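Examination of the molecular architecture
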Amino acid sequence: MVVLAGSGDAARSLPLLWREPAPPARRPGPRPGLGVDAIVAAAVAAADETGVAGLSMRAVAERLGVTAMALYTYVPGKNELIDLIYDGVHAELPGDHALPAGWRAGVTAWAEDLVALYVRHPWALQVSFARPVLGPHEQAVLEDVVGILRSTGSSPEVLRRVVSMLFHIVRGTAGTIAESRAAAEGGSEQEWWAGRAAVLAQIVPDFADRFPQSTWLGSAGAQHSADDPTPYLEREARAALAVGLAVLLDGVEAAHGDPAP
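Please read these numbers as outputs of a predicted model, since none were measured by experiment. (Residues numbered from 1 in each chain as written. Predicted model: local features only at pLDDT ≥ 70, side-chain atom pairs only at ≥ 80, totals over all residues. Heavy atoms only, no water.)

Another aspect to go through is the overall build of the protein chain. Scanning the protein chain from N- to C-terminus turns up 12 helices and 2 strands. When the elements of the protein chain are put in sequence order from the N terminus, they spell out β-α-α-α-α-α-α-β-α-α-α-α-α-α. Seen through its C-alpha atoms, the protein chain measures out along the principal axes to roughly 75 × 50 × 30 Å. A buried classification covers 37% of the 261 residues belonging to the protein chain. Within the protein chain, contacts between residues separated by at least 24 positions form 77% of all contacts whose residues are at least 6 apart in sequence. (Helix = DSSP H or I, 4+ residues; strand = E, 2+ residues; numbered from the N terminus. Buried < 20%, exposed > 50% of the residue type's maximum accessible area, 1.4 Å probe, protein only. Contact = heavy atoms within 4.5 Å.)

So, in structure tokens, the structure goes:
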């Protein structure tokens, strides 16, 4: 399921995102202390459990012990609520990844922290960033990485594409990890592969001869300790993140002859 961000009423959602709403109308019903922040926190908790598909104003209201109508005093509807929670979880990231170790270390830490954020809240990956929510926390994530990369001397035209690729790498990595964990709920990875490998060997005994390149590539899996319970696919995703970032940042460095770390 893919949800487009920014689908709500801009005149309502943007003031809410930037926490500059007009005073709510005086209506009976809302419990004292109920407000946008409380609603967002409850909605994030609901989305963490059920995903975006299971998110509803009624479900959030039940968590808060109020009626759904009480929420509409503060948030117009589900579309605006999705924008609010998507922007809101990005507030969990540190505000500044500029590190003494240099721009490469800063970008790497930024990417790893963002992957961890999406793994904690995998529903956020269902919210397409084809249309940004234009909230302060989402914007701060972009501001952070651009500020680090500007020190490379790259042109804005190049950096736009580099930053875009970084977001694709991050979201792809987090999505693979989240899917790997979800798949493990239906049985272990080892059992799944063992069962299918045995059948595949019977029906395609010449698999290695027919697909030598794939066989060669598959022989170089991510190394791990025997005591490490991390699923294979998750280990591979994290290893791919490290290699992909290194190759991409090598390209940025080579393009400008930048000796910085």
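Having put the structure on the table, let's press on.
A separate point is the packing of helix H7 (residues 136-149) against helix H8 (residues 156-184). Orientation of H7 relative to H8, taken along the N-to-C sense of each, is 125°, at an axis distance of 11 Å. When the axes of H7 and H8 are compared, the pair comes out oblique. In this structure, H7 meets H8 at a crossing whose hand is right-handed. Packed against H7, whose contacting residues are Val141, Leu142, Val145, Val146 and Leu149, the element H8 presents Leu159, Val162, Val163, Leu166 and Phe167 at the interface. Here the residues of the contact of H7 with H8 are counted per class, giving 10 nonpolar, no polar and no charged. (Axes fitted to C-alpha atoms, helices over the stretch in contact; angles between N-to-C directions. Parallel < 35°, antiparallel > 145°, perpendicular 65-115°, else oblique. Left-handed = near helix turned anticlockwise from the far one by under 90°. Nonpolar A, V, L, I, M, F, W, Y, C, P; charged D, E, K, R; others polar.)

Moving on: the packing of helix H2 (residues 36-50) against helix H3 (residues 57-64). Closest axis-to-axis distance for the H2/H3 pair is 9 Å, and the angle between their directions is 115°. By the angle class used here, H2 and H3 are roughly perpendicular. The hand of the H2/H3 crossing is right-handed. Packed against H2, whose contacting residues are Ala38, Ile39, Ala42, Ala43, Ala45, Ala46 and Glu49, the element H3 presents Val60, Arg63 and Leu64 at the interface. Among the residues making up the contact of H2 with H3, the classes are represented as 8 nonpolar, no polar and 2 charged.

Here we take up unusual backbone geometry. Peptide bonds are mostly trans, and most non-glycine residues show a negative phi. One non-glycine residue with positive phi stands out, namely leucine 134, at about 65°. Looking at where leucine 134 falls in the secondary structure, it is placed in the loop between strand S2 (127-128) and H7. Classification of leucine 134 by relative accessible area gives partly exposed; the value is 46%.

With that settled, the discussion passes to the side chain of threonine 173. Residue placement: threonine 173 occurs in helix H8. If we skip the residues at most four places from it in the chain, threonine 173 touches Val115, Ala237 and Leu241.

A few words on the confidence of the model for the protein chain. When pLDDT is averaged across the protein chain, the result is 89; 91% of the residues are at 70 or more. Taken element by element, the predicted model of the protein chain shows its lowest mean pLDDT in strand S1 (residues 3-4) (88) and its highest in helix H6 (residues 103-120) (97). (pLDDT = per-residue confidence, 0-100.)

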